[in-house]
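Okay, here's what each chain looks like letter by letter:
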2 protein chains.
Amino acid sequence: MGQKPITFFRQVLALCAYPDLLDDNKFPEDAKQRARRILGACGGHSIGAYSASQGIECIRQDVSRYIEKRDGGIPSNPDNIYLSTGASDAIVTMLKLLVCGEGPDRTGVMISIPQYPLYSAALADLAAVQISYYLDEDRCWGLDVAELKRALSAARTHCNPRVICIINPGNPTGQVQSRKCIEDVIRFAKEEHLFLMADEVYQDNVYAEGCKFHSFKKVLFEMGPEFSSTVEMASFHSTSKCYMGECGFRGGYMEVINMDPEVKAQLTKLVSVRLCPPVTGQALLELVVNPPQPDEPSYSTFMKERTEVLAALAEKAGLTEKTFNTVPGIICNPVQGAMYTFPRITLPQRAIDTAKEEGLAPDMLYCMRLLEEEGICLVPGSGFGQREGTYHFRMTILPPTEKLKVVLQKIRDFHVRFTKQFS
Amino acid sequence: MGQKPITFFRQVLALCAYPDLLDDNKFPEDAKQRARRILGACGGHSIGAYSASQGIECIRQDVSRYIEKRDGGIPSNPDNIYLSTGASDAIVTMLKLLVCGEGPDRTGVMISIPQYPLYSAALADLAAVQISYYLDEDRCWGLDVAELKRALSAARTHCNPRVICIINPGNPTGQVQSRKCIEDVIRFAKEEHLFLMADEVYQDNVYAEGCKFHSFKKVLFEMGPEFSSTVEMASFHSTSKCYMGECGFRGGYMEVINMDPEVKAQLTKLVSVRLCPPVTGQALLELVVNPPQPDEPSYSTFMKERTEVLAALAEKAGLTEKTFNTVPGIICNPVQGAMYTFPRITLPQRAIDTAKEEGLAPDMLYCMRLLEEEGICLVPGSGFGQREGTYHFRMTILPPTEKLKVVLQKIRDFHVRFTKQFS
């Protein structure tokens, strides 16, 4: 999507791949120093060696330090950090660890609707029961505890609910949860004895004024020992999003909190089957959690690049919302965070009927027509789940600003045309 | 273990990570050209982008060409190639695809004993039934069809056997299968309607005179259309072994043959849940299947490095076998291929009794004592499976020759001491 990689990250990765470059005076000293540190922690000083299955120890330590800093000093234990092959790998592993039972004892897992399809796919794969709770589109995709209670109580008749998953900032819905909302979810998880899975991969992607990322862990600990010593949770992060966008490296981590030591031993065994996460992804994660510091030569370039990427994303988030809301028949919540917008579209009855005749979801018909007519690929809301009778699409805000403007204009024209055609 | 990475591979990976280096005249032209080709096939020309879930198309094409060349021109279709996060990921995915059923209908999967624990772990995880067939230690860990038939017929009473797994060259047993043996296995798989999983990650690690690697696919196709158009199989390869040894990059592929298109569609869906294999691992695989050619500047260095690694491994394979066979109470088959030796050890009855008292497997007691007394870590045979009443350990032949000599000497002395102590 044209987003430029952070120079410092790529320099260190090149040095790690080909350490002969450590003698090259083209590379800044701090990049060399980071590469030496990473290589020193690798078996045989090579990123080509297996690491421990849980990840390289000094990187896990740096992840802990990063979390502590992020959360205002709340302690993090490197033993609770598991490096992973992107966040998806860690999420699937954690679900696998938590799911069991058969028939009415099958594990139920609460996920938001709209959801990111990794969750529904993993639950289907594990034969777990998906418990859908709906986000409130009218309140900017807010999460309401009454809805959680409704969903849970409906599910208790046919499964054993054990897990609640939250994505904050939201994918595909782009909302950023308030602190109050996070407290409510934690209280709910405690009352209902649910394991809390907090997918926080977009933690640095927050754009809207008045919005702030609150980590579930920080809020949990600030709610006092009654919560911080009892609620079991895992938080997931990744090198794929935020200002990094390095999804091809498949780097990530999870932090587990209040996990029973015997369960943790099983988790460690589980991750060891696939030997280790890719070491290049681990190295990249090390750089994300331990970026250049103000007194280091790469700091100013790093900050400039980081700020530019995040500022461009914020601009595009605003532009997308504003443009869509000028179109009659499209309603778009603010893109408070993450990288997507999930606007609601009004479809004429004749379009809905046509879709049914063609055996398609109505928003799939809409997206296919857009693809055919304009070459623009959006994902229909039905792929993420939505309230019966409503229609949406997901669009990423990632394209370069000038391209995005053209795309938005084309979608606008298409929408008007489509509506006219089927009216 | 001190094995040096192949310079050309690391140069290209550094260029891919930090393309500014493409302007650097320190890098040979062929390395730059390979990097440009890889980057050109990446989304946004960056190895930080997601690839297609099945892997980058031009790399899959090159894998096919590599297989065709290896197999004397037997065609390979890039659509049948799936890139993976090391071979373990592909093996686990394939088992997941093939395993189903409950109770007496549960899928049975035949695996060799001794086996590589990835298989038993994955089968336990999937609640499949492990069907153990024993390799014949007295015939250099040979595979006998009578034993396959015995195991299969015993298993039919309590499960639905659908898969046979073979590791060739063998892990942990280091044997290289004869062509005749491979034909027998293929005939057996056809007769019994078994899906054949050929773990061929050590295909370039063949040392013993008179031994040659025969790919299951090549033999299958040479057996004629009666076999080549009916037997379903998958073959696995990796960047982690052979002369590369780049296990930290988690690169690999599988080729599926005669797979029903509807099943293949499910496989493609299954791999898409985790988005894509690490792109650095894919890039490395590209270099393994498309190494420097005789008319390219990096060729001579590449060949020298490759030959040195393989020659050293061959030397160490011979040294290990010879040394162990001088020790009374240790019997060691030739290390024909792969990277391990799995010698049989005779343990005094008193050692066996002591182990039982301590709640340990007797070879675990042996390995723990060795670790405590000499700081040498071997894996007890009980971790891989062995015939009742026999004891073994697995040792890698990877340490540098001079170190390996010391290690072998220490194990020899320890064995004599241990035997005396418990006699």
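Looking at an unreviewed UniProt entry, one finds chain A named Alanine aminotransferase 1 and attributed to Gymnodraco acuticeps. Under the UniProt heading Sequence similarities (unreviewed entry), the note attached to chain A is "Belongs to the class-I pyridoxal-phosphate-dependent aminotransferase family. Alanine aminotransferase subfamily." Check the Subunit (unreviewed entry) section of the UniProt entry for chain A; it says "Homodimer."

Draft legend 1. Summary view of a nonpolar patch on the surface. Residues and elements named next belong to chain A. A cluster of nonpolar side chains, contributed by M364, M368 and L371, occupies part of the molecular surface with about 220 Å² of accessible area. Inspection of the secondary structure puts M364 in helix α14 (residues 362-374). For M364, a relative accessible area of 32% translates into the label partly exposed.

Draft legend 2. Representation of the UniProt feature "domain: Aminotransferase class I/classII large" (unreviewed entry) in chain A within the structure. The residues that UniProt annotates with the feature "domain: Aminotransferase class I/classII large" (unreviewed entry) are residues 14-411 of chain A. Its end C-alpha atoms 40 Å apart, residues 14-411 of chain A is made of 43% helix and 14% strand.

Draft legend 3. Quick look at the interface of chain B and chain A. Each side of the interface is counted separately: chain B has 45 residues, and chain A has 45 residues. When the two sides are added together, the surface that chain B and chain A hide from each other amounts to roughly 3500 Å², 56% of it contributed by carbon and sulfur. Linking chain B with chain A are four salt bridges. One can count 21 residue pairs in polar contact (both at pLDDT 80 or more) joining chain B with chain A. Those elements giving two or more residues to the side of chain B that touches chain A turn out to be α1 (7-17), α4 (86-98), α5 (117-125) and α11 (279-289) of chain B. No other element matches the seven residues that α1(B) contributes to the side of chain B that touches chain A. Considering only residue class, the side of chain B that touches chain A consists of 24 nonpolar, ten polar and eleven charged.

Draft legend 4. Quick peek at the packing of aromatic side chains. On inspection of all chains with the given rule, the structure shows 26 aromatic pairs over all chains. Measuring from ring centre to ring centre gives 5.1 Å for A:Y366 and A:F418, while their planes differ by 75°; the resulting arrangement is edge-to-face. Placement of the pair is A:Y366 in helix α14 and A:F418 in helix α15 (residues 401-421), with a sequence separation of 52 residues. Judged on exposure class, the residue A:Y366 and its partner A:F418 are both buried. Seen from their ring centres, B:W141 and B:F342 are 5.7 Å apart, and the 65° between their planes marks the pair as edge-to-face. Residue B:W141 is found in the loop between β3 (129-134) and α6 (145-155), and its partner B:F342 is found in the loop between β9 (340-341) and β10 (344-345); the two are separated by 201 residues along the sequence. For the pair B:W141 and B:F342, a shared accessibility class is recorded, and that class is buried. Clustering of aromatic rings is evident, with ring pairs tying together A:F324, A:Y366, A:F393, A:F414, A:F418 and A:F422. The residue whose ring lies beneath A:K190 is A:F227, and the NZ or CZ to ring-centre distance is 5.8 Å.

Draft legend 5. Layout of the environment of A:G385. Looking at where A:G385 falls in the secondary structure, it is placed in the loop between β11 (379-380) and β12 (393-396). Those residues in contact with A:G385 that lie beyond four places of it in its chain are A:I113, A:P114 and A:F342.

Draft legend 6. Main features of empty space enclosed by the protein. Per the counting criterion, the structure on display carries seven cavities of 30 Å³ or more. In this structure, the largest cavity occupies an estimated 670 Å³ of space. Lining the largest cavity are 44 residues, with A:D89, A:T93, A:R274, B:D89 and B:R274 sitting closest to its centre. The set of elements that each furnish at least two residues to the lining of the largest cavity consists of β1 (81-85), α4 (86-98), α5 (117-125) and α10 (261-272) of chain A together with β1 (81-84), α4, α5 and α10 (261-272) of chain B. When residues in the lining of the largest cavity are grouped by element, the largest group, six residues, is from α4(A). Its residues assigned to classes, the lining of the largest cavity shows 25 nonpolar, nine polar and ten charged.

Draft legend 7. Spatial organisation of the packing of helix α2 (residues 29-41) of chain A against helix α11 (residues 279-289) of chain A. All names here are of chain A. Remark: α2 packs on α11, axes separated minimally by 11 Å, with the N-to-C direction vectors making an angle of 130°. Here α2 is positioned oblique relative to α11, judged by the angle of their axes. Classified by chirality, the crossing of α11 by α2 is right-handed. The segment α2 lies against α11, with R34, R37 and I38 engaging A283, E286 and L287. In terms of residue class, the contact of α2 with α11 is built from three nonpolar, no polar and three charged.

Draft legend 8. Expanded view of the relation of the copies chain B and chain A. Superposition record for chain B on chain A: RMSD 0.0 Å, screw rotation 180°, translation along axis 0.0 Å. Considering both components of the superposition, the chain copies are consistent with a two-fold axis. By C-alpha distance to the rotation axis, the residue of chain B lying nearest is B:A14, at 2.1 Å. Of the interface residues in chain B, 100% have counterparts in chain A that sit at the interface too, so the contact is made through matching surfaces.

Cut-offs used in this document
Residues numbered from 1 in each chain as written. Chains lettered and ligands numbered in written order. Predicted model: local features only at pLDDT ≥ 70, side-chain atom pairs only at ≥ 80, totals over all residues. Heavy atoms only, no water. UniProt positions renumbered as here; feature names shortened; annotations may be inferred. Patch = residues over 30% accessible without salt bridge, like charges linked within 9 Å, V, L, I, M, F, W, Y side chains within 5 Å. Areas by Shrake-Rupley, 256 points an atom, 1.4 Å probe, with all protein chains shown as cover. Salt bridge = Lys/Arg side-chain N within 4 Å of Asp/Glu carboxyl O. Helix = DSSP H or I, 4+ residues; strand = E, 2+ residues; numbered from the N terminus. Buried < 20%, exposed > 50% of the residue type's maximum accessible area, 1.4 Å probe, protein only. Contact = heavy atoms within 4.5 Å. Buried area = accessible area lost by both parts, 1.4 Å probe. Polar contact = N/O pair within 3.5 Å; in protein donor to acceptor, adjacent residues only side chain to side chain. Nonpolar A, V, L, I, M, F, W, Y, C, P; charged D, E, K, R; others polar. Phe/Tyr/Trp six-rings, centres within 6.5 Å; stacked < 30°, edge-to-face > 60°. Lys NZ or Arg CZ within 6 Å of the ring centre and 35° of its normal. 1 Å grid on protein atoms, 1.4 Å probe; cavity = no way out; pocket = protein on both sides within 12 Å on 5 of 7 lines; lining within 4 Å. Points joined across faces, edges and corners; volume = space filled by probe spheres on them. Axes fitted to C-alpha atoms, helices over the stretch in contact; angles between N-to-C directions. Parallel < 35°, antiparallel > 145°, perpendicular 65-115°, else oblique. Left-handed = near helix turned anticlockwise from the far one by under 90°. Least-squares fit on C-alpha atoms with pLDDT ≥ 70 in both.

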